[in-house]
Amino acid sequence: MSDAADRPVGDATRVVAAGRRAEWTGGIVNPPVWRASTILYDDVAALRAAGGRDTHHRLFYGRRGTPTQWSLADALTTLEPGAEATFLYPSGVAALAAALLSVLSPGDELLLVDSAYDPTRSMATGLLKRFGIATRFYDPLIGAGIADLIGDRTRAILLESPGSLTFEVQDLPAIVAVAKARGLVTLLDNTWATPLFFPAIERGIDLSILACTKYVVGHSDVMIGSVTAAPGHFAKLRDTSFQLGQVVSPDDAWLASRGLRTMAVRLAQHQRSALAIAHWLAARPEVAAVLHPALPDCPGHAHFVRDFKGSSGLFSFVLAGGDEAARAALIDTLRLFGIGYSWGGFESLALPVDPQRYRTATRRDDAGPMVRLQIGLEDTDDLIADLDAGLAAFRAARG
Ligand SMILES: Cc1ncc(COP(=O)(O)O)c(C=O)c1O
C-alpha cells in the first residue's frame with residue numbers, strides 16, 4: 001500500500017487508502033473502534049512523560065482521542081493536499097464554531113457570506129456578538145469587491161460556496177487573493193463539494209470546514225464535523241478545540257471512516273443523477289429556475305466551471321408561481337423523497353425553503369416558492385417519475 005501511496009492516484013483510490021496506518025489498524029481493514037476514557041501508564045514516569053499540549057496521535061486521555069478518531073482525521077487531511085492536520089467535532093456546526101473561535105477575538109470583525117447556512121449566521125449574530133465580535137454580511141457574488149468592506153478590525157472571511165439553499169458560487173480565488181494581501185484568515189464551509197470536488201487548502205483557504213454528517217458519513221445516521229487547517233493554522237485550532245473540550249465518539253468516527261471508503265463512488269452517482277434531474281426540471285414549464293451550480297441559470301455558474309472538479313447531489317428549484325399550499329401539494333405527493341433536514345445520505349429528500357428569511361445583505365425576487373432536493377442513490381428514472389407526479393399535483397393546486 002505504501003508504494004501505491006507514493007504514486008498519484010484517483011479519488012476513489014485515495015478514499016479507500018486514507019488514514020489506514022498499520023499502527024492504528026493492526027491489520028484490520030477499517031480502523032476498529034478503540035473506546036477509552038482512562039489510559040493506564042506503566043509507572044509515574046510514563047504518566048509524567050505522556051502530558052503536554054501536543055498529545056495528538058499519542059494515547060493520553062480519552063478526550064484526546066484514540067486511533068479510531070486519529071485515523072479519520074488523518075484521512076481527511078490526506079484528502080486536502082497541502083493541509084497540515086484535521087480536528088474532529090461532534091457536528092458540522094461545532095466545527096464551524098471552533099474554527100471561528102480559533103481565529104476571532106473580542107473587537108474583531110468577521111465578513112460572512114449572506115448565503116451562509118442559517119445556524120452559521122445565528123452563531124455570528126448570537127454567540128460571536130455576545131463575545132464582542134462584529135459581523136458584516138456580504139453579497140455571495142462580491143468577488144474582489146470584498147476589499148471595500150475590509151476595515152481596521154476585520155480579521156477573517158467566512159465563505160460557503162455554493163451557498164446554502166440558493167447555491168451561488170463565489171469567486172473564491174479573487175476573495176482569497178484579497179484576504180492574503182490584507183492578512184485575513186479565510187474559512188470555507190466546503191460541505192457541498194467536499195475536498196474531492198474542491199481541494200480548498202490547495203486553493204489557498206486557511207481552514208476548510210466539513211459537515212461530515214453529509215457526504216463523508218453518507219448514510220444519514222451520524223452527526224460529525226471536521227476542520228482541516230493549512231500550515232500555520234492548526235496549533236491555534238487544536239488549542240481552542242482542546243479548551244472547548246471537543247471530542248468525537250469513536251463509534252461515530254468509525255462509522256464516518258466506513259462511509260468515507262465509498263464517498264468517491266457515491267459522489268459520482270449523486271452527481272450523475274442530480275444533473276439529469278436538474279436538466280429535466282429546467283425543461284419543465286412549472287419550473288422558473290433551477291439553482292444548480294452546473295446549470296447556467298445558477299448565479300456564479302462561470303466560477304463553478306472554472307474552479308470545481310464536479311458537482312454533488314443537492315440543489316434547489318424555483319416554481320413558476322404558486323403559493324405555499326401548491327408547493328406543499330408537490331412535496332406531499334412525492335413517494336421516494338423524504339421530507340426532512342440534512343442531506344448527503346443515500347436517500348432522496350425534498351424540503352420547502354424560503355431563503356429570503358435568512359438574507360440581510362442581498363434581496364431575492366423569485367418567481368415562486370422554492371424547493372430544495374437532495375438526490376440520493378435511487379434509480380434516476382424513478383425519481384423523475386416521482387417528481388413528475390409532484391409537478392402534476394402542483395399544477396392542480398396552483399390552478
Ligand atoms: C452547508 C452546511 N454546513 C454545515 C451544516 C451543519 O452540519 P451539522 O448538521 O452536522 O451540524 C449543514 C447542515 O445541514 C449544512 O447544510
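I will try to describe carefully the structure that is included in this document. All chains use their own residue numbering, which begins from 1 and follows the written sequence. Local features are withheld for residues below a pLDDT of 70 in this predicted model, meaning they are given only at 70 or higher, and side-chain atom pairs are given and counted only at 80 or more; totals for whole chains, interfaces and linings count all residues. Excluding hydrogens and water, the side-chain values take into account all heavy atoms of the structure.

This part is about the packing of helix α12 (residues 263–282) against helix α15 (residues 380–398). The relative placement of two packed helices is expressed as an angle between their axes plus a distance between the axes. Axes here refer to lines fitted to C-alpha atoms; in helices the fit is confined to the stretch in contact. Angles between the N-to-C directions go from 0 to 180 degrees. Secondary structure elements follow DSSP: runs of H or I of four or more residues count as helices, runs of E of two or more count as strands, with numbering from the N terminus. Their axes nearest at 10 Å, the elements α12 and α15 cross at an angle of 35°. For α12 against α15, the interelement crossing comes out right-handed. Across the interface between the two elements, Q269, S273, A276, I277, W280 and L281 from α12 touch T380, L383, I384, L387, D388 and L391 from α15. When residues are grouped by polarity, Ala, Val, Leu, Ile, Met, Phe, Trp, Tyr, Cys and Pro land in nonpolar, Asp, Glu, Lys and Arg in charged, and all others, Gly among them, in polar. The class makeup of the residues in the contact of α12 with α15 is eight nonpolar, three polar and one charged. Crossings are sorted by hand: turned counterclockwise from the far helix by less than a right angle, the near helix makes the crossing left-handed, and turned clockwise it makes it right-handed. Two residues qualify as a contact provided that any one of their heavy atoms is within 4.5 Å of a heavy atom in the partner residue.

Inspection of the secondary structure assignment puts R327 in helix α14 (residues 324–333). Here a polar contact is taken to be a pair of N or O atoms separated by no more than 3.5 Å, where protein atoms must pair a possible hydrogen donor with a possible acceptor and residues adjacent in sequence count only if both atoms sit in side chains. A polar contact of 3.0 Å, which involves the side chain of R327, links it to the backbone oxygen of V353.

Any Lys or Arg side-chain nitrogen located within 4 Å of an Asp or Glu carboxyl oxygen qualifies as a salt bridge. Per the counting criterion, the structure on display carries 17 salt bridges. R21 is the partner of D74 in a salt bridge, and the nearest nitrogen-oxygen pair spans 3.0 Å. Highlighted residues: D74 in helix α5 (residues 67–78) and R21 in the loop between α2 (11–17) and α3 (22–25), separated in sequence by 53 residues. Remark: exposure states derive from per-residue accessible area (1.4 Å probe, protein chains only) relative to the maximum for the residue type, with buried under 20%, exposed over 50%, and partly exposed in between. On the accessibility criterion, D74 (16% relative accessible area) is buried. For R21, a relative accessible area of 31% translates into the label partly exposed. Here D307 and R306 are joined by a salt bridge, their closest N and O atoms 2.8 Å apart. One connected set of salt bridges, linked through shared partners, spans E168, R359, R364 and D366.

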